Amino acid sequence: MSLYESTFVTRQDVSRSDVTKLVETFTDIIKQNDGKIVKHEYWGLRNLAYRIKKNRKGHYVMLAIDAPHAAIKELERNMGLHEDIIRHLTVHVDSIDEGPSPMMQKAGRDEEGGEGESALEVVA
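As a convention, each chain's residues are numbered from 1 in the sequence order in which they are written. Residue-level local features of this predicted model are given only where pLDDT is at least 70; pairs of side-chain atoms are given and counted only at 80 or more, and the full residue set underlies all totals for whole chains, interfaces and linings. Computation of side-chain values: all heavy atoms of the structure, hydrogens and water removed.

(A) Main features of the overall build of the protein chain. Under the scheme used here, helices are H or I runs from DSSP no shorter than 4 residues and strands are E runs no shorter than 2 residues, and both carry numbers assigned from the N terminus. Summing up its helical and strand segments, the protein chain has 3 helices and 5 strands in all. Along its sequence from the N terminus, the protein chain presents helices and strands in the succession β-α-β-β-α-β-α-β. Pairs of residues are marked as contacts when any of their non-hydrogen atoms sit within 4.5 Å. Counting only contacts in the protein chain whose residues sit at least 6 apart along the sequence, the fraction spanning at least 24 positions is 76%. Accessible area of the protein chain: about 7,500 Å², with a carbon and sulfur share of 48%. In these tables, accessible area is a Shrake-Rupley quantity obtained with a 1.4 Å probe, and a residue counts as shielded only by the protein chains included in the view.

Laid out in structure tokens, this is it:
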């Protein structure tokens, strides 16, 4: 199987619990197609560089995936159909880092200043 990183951005008015439900839905899609989510990271509610569909902010989530291409194709199809997702991008990677991504490391520095909320979950 191949390794992928998929990042998506949801609308700003979606709650954190709804974002968690989206991750669970996408995890089920990957599992049904013989893949697995290696880890997922919630990067928080962040400002967008420009407005997207009248949104100035968005919830960012990154999924590290070990799955066949058919599973990724189905995942991207579902992401494109979901009305709460305003952008998504999936890339093929050579390896998945075990530690936190650079975005999570930056979020850790932000938390020292009292800003940001982050969550990292490594699925074994």
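(B) Spotlight on the pairing of strand S1 (residues 2-11). In this scheme, strands are said to pair when DSSP sees at least two bridges between them. For S1 and strand S3 (residues 55-67), the ladder comprises 10 bridges, and the chain directions are antiparallel. If you follow Ser-6 over to S3, its bridge partner there is Leu-63. As paired strands, S1 and strand S4 (residues 85-93) are joined by 8 bridges and run antiparallel to one another. Each bridged residue has a counterpart across the sheet, and for Glu-5 the counterpart in S4 is Val-91.

(C) Just the environment of Ser-6, in detail. Tracing the chain through its elements places Ser-6 in strand S1. Only protein chains enter the accessibility calculation, which uses a 1.4 Å probe; a residue whose area is less than 20% of its type maximum is buried, one above 50% is exposed, and one in between is partly exposed. Among the residues examined, Ser-6 registers a relative accessible area of 0% and is labelled buried. Each C-alpha atom, one on Ser-6 and one on His-40, is 9.4 Å from the other, the two residues being 34 residues apart in sequence. Once residues within four sequence positions are removed from consideration, Ser-6 is found in contact with Val-61, Met-62, Leu-63, Ile-65, Leu-75, Met-79, Leu-89 and Thr-90. Identification of polar contacts relies on pairs of N or O atoms within 3.5 Å, with a donor-acceptor requirement for protein atoms, meaning one able to donate a hydrogen and the other able to accept it, and with residues adjacent in sequence counted only if both atoms are side-chain atoms. Within the local environment of Ser-6, its side chain forms a polar contact with the side chain of Thr-90, the two groups lying 3.0 Å apart.

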